[in-house]
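Residues per chain, in single letters:
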Protein chains: 2
Amino acid sequence: MRIDDQRTSRGQGSHDAGSVTGVAFRLFRARGYEATSVDQIARELGVTKAAIYHHLAGKEAILAAGINRAIQALTGVLQEAPALPGAGAPLERFEYILRRTLEIGLEHLDEVTVLLRLRGNTELEREMLDRRRAFDRAVAEVMREAVDAGDLPADTDALLMTRLIMGMNNWLTEWYQPGGALSAAAVIDTVTRFAMAGLTAPGRSDR
Amino acid sequence: MRIDDQRTSRGQGSHDAGSVTGVAFRLFRARGYEATSVDQIARELGVTKAAIYHHLAGKEAILAAGINRAIQALTGVLQEAPALPGAGAPLERFEYILRRTLEIGLEHLDEVTVLLRLRGNTELEREMLDRRRAFDRAVAEVMREAVDAGDLPADTDALLMTRLIMGMNNWLTEWYQPGGALSAAAVIDTVTRFAMAGLTAPGRSDR
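Residues numbered from 1 in each chain as written. Chains lettered and ligands numbered in written order. Predicted model: local features only at pLDDT ≥ 70, side-chain atom pairs only at ≥ 80, totals over all residues. Heavy atoms only, no water.

**With respect to the overall build of chain A**
Helices and strands together make up the secondary structure of chain A, namely 10 helices and 0 strands. Written out in order from the N terminus, the α and β elements of chain A read α-α-α-α-α-α-α-α-α-α. Out of the 207 residues belonging to chain A, those deemed buried represent 50%. Considering only contacts within chain A whose residues lie at least 6 apart along the sequence, 65% involve residues at least 24 apart. Only carbon and sulfur atoms are counted for the fraction: they give 49% of the accessible area of chain A, which is about 9200 Å². Where the 25 positive side-chain charges of chain A centre and where its 28 negative ones centre are 5 Å apart. (Helix = DSSP H or I, 4+ residues; strand = E, 2+ residues; numbered from the N terminus. Buried < 20%, exposed > 50% of the residue type's maximum accessible area, 1.4 Å probe, protein only. Contact = heavy atoms within 4.5 Å. Areas by Shrake-Rupley, 256 points an atom, 1.4 Å probe, with all protein chains shown as cover. Lys, Arg positive; Asp, Glu negative; His and termini not counted. Charge placed at Lys NZ, Arg CZ, Asp CG, Glu CD.)

Below, the structure written as structure tokens:
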């Protein structure tokens with residue numbers, strides 16, 4: 001049976017690799033990656049397992065595809081014009097990266113949540129975790145430039161402060177409800193202001 | 001075979017309910033609760049499964065015991081003298097609660113980490129998550145008093161700001177390494193100063 005036939009016979013929408021990944025990550029986020037089977041993903045899409053294997057080699061390939069998308073979106077931020085060295089003061093570049101990181105976290109909520117919950121149980125998961133940590137270190141590097149430029153207290157531990165701020169962002173994935181009372185824009189604005197105010201406030205450092 | 005015999009024959013230390021829970025939570029944290037069996041806990045302790053069942057009815061009872069300990073430690077903070085209504089300005093009480101919450105998170109790192117990773121897959125897990133959320137709401141209430149007292153901007157969303165700050169704390173469990181270069185005291189101090197500076201900084205609110 002061809003996929004198109006199957007789709008028609010089940011009355012389902014399209015199920016290309018992108019929609020398989022989308023549905024799979026909704027399940028991974030709700031039930032956990034380990035606890036979700038390709039069977040359940042197929043049932044949720046209303047297709048056979050074979051139809052899924054037509055696009056993706058298996059559950060780990062689905063995980064890789066979705067996580068790659070999330071990490072590429074995150075690391076892509078560092079290449080955006082306002083984030084580049086020389087685009088502005090380092091502290092402004094940091095604020096830009098922070099806002100965009102929050103936006104991507106809320107846009108790709110399922111993928112980023114699953115990424116953040118990876119435990120490093122497989123070679124693939126460890127590689128993904130390494131790439132996420134590399135992103136944090138690159139962001140910390142921009143904060144370090146702001147310290148060197150004298151725009152943040154000299155005793156600022158850039159990696160620690162970046163981890164604290166990213167931790168606040170990361171935890172959003174655990175409680176933020178899209179479509180709830182709080183708009184994504186309001187949350188992003190509140191977090192960014194709080195982080196920037198805290199970073200630059202005189203009471204924060206020993207200086 | 002009596003537990004004492006077994007202990008002697010294996011040359012292991014004591015294994016009362018407390019040490020079972022301690023070892024179990026080290027495994028739950030490292031490998032995940034679902035992925036850890038009572039067999040593995042028994043092997044790690046060097047005792048039989050029967051010796052474990054002598055103290056605790058099973059894996060869920062172990063989970064309940066450890067998580068209860070963590071939640072009781074957290075909620076106990078709200079009953080400590082400096083946290084009580086009238087003990088000081090609400091903002092000082094909030095700062096005290098924040099510091100103590102951080103201390104407890106790092107003291108009970110395994111239990112708190114496992115608590116924070118619960119997905120609500122069972123009735124017990126949902127009850128634990130409800131108690132954790134009730135703690136956040138109680139802390140937000142103290143922040144709300146600080147807003148009412150005029151010590152924080154009137155447009156402060158106390159529940160959102162509490163969740164952001166607790167999220168920063170919660171994320172510590174994912175990367176903090178006890179015994180590493182950063183002492184617990186230094187991390188607690190940095191987080192508290194950052195949070196308090198951010199909360200009270202003029203740039204944070206619309207006011």
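**With respect to the environment of Asp136 of chain A**
Its place among the elements puts Asp136 of chain A in helix H8 (residues 123-148). Each C-alpha atom of the pair Asp136 of chain A and Ile41 of chain A lies 32 Å from the other, and the pair is 95 residues apart in sequence.

**Some points on the nonpolar core**
Core analysis: the largest hydrophobic core is formed by 80 residues, its most contacted members being Phe94 and Leu199 of chain A together with Phe94 and Leu199 of chain B. Sequence-distant contacts of Phe94 of chain A, defined by excluding residues within four places in its chain, comprise Val139, Val142, Met143, Thr162, Ile165, Met196 and Leu199 of chain A. (Core = buried A, V, L, I, M, F, W, Y, C linked by side-chain atoms within 4.5 Å.)

**Observations regarding the interface of chain A and chain B**
On the chain B side, the residues contacting the 32 residues of chain A number 32 residues. For the pair chain A and chain B, the summed buried area comes to about 2900 Å², and 70% of that belongs to carbon and sulfur atoms. Three residues stand out in chain A for area buried against chain B, namely Leu164, Trp171 and Phe194 of chain A, and they jointly supply 26% of the buried area on that side. Where chain A packs against chain B, one counts 2 salt bridges. Among the ionic pairs, Glu174 of chain B bridges to Arg119 of chain A, the shortest N-O distance being 2.7 Å. (Buried area = accessible area lost by both parts, 1.4 Å probe. Salt bridge = Lys/Arg side-chain N within 4 Å of Asp/Glu carboxyl O.)

**Some words on the packing of aromatic side chains**
Following the criterion strictly, the structure yields 7 aromatic pairs over all chains and no others. Plain terms: the ring middles of Phe28 of chain B and Tyr33 of chain B are 5.0 Å apart, the flat faces sit at 85 degrees to each other, and that makes the pair edge-to-face. The burial state of Phe28 of chain B is the same as that of Tyr33 of chain B; both residues are buried. Through successive ring pairs, a cluster of aromatic residues spans Phe25, Phe28 and Tyr33 of chain A. Its guanidinium or amino end placed over the ring of Tyr33 of chain A, Lys59 of chain A lies 4.4 Å from that ring's centre, counting from NZ or CZ. (Phe/Tyr/Trp six-rings, centres within 6.5 Å; stacked < 30°, edge-to-face > 60°. Lys NZ or Arg CZ within 6 Å of the ring centre and 35° of its normal.)

**Section: the relation of the copies chain A and chain B**
Its rotation angle being 180 degrees, the transformation that places chain A on chain B also includes 0.0 Å of axial translation and leaves an RMSD of 0.0 Å. A rotation of that kind, with that shift, is consistent with a two-fold axis. Using C-alpha coordinates, one finds that chain A approaches the rotation axis most closely at Gly198 of chain A, a distance of 1.7 Å. Most of the interface of chain A is mirrored in chain B: 100% of its interface residues are interface residues there too. (Least-squares fit on C-alpha atoms with pLDDT ≥ 70 in both.)

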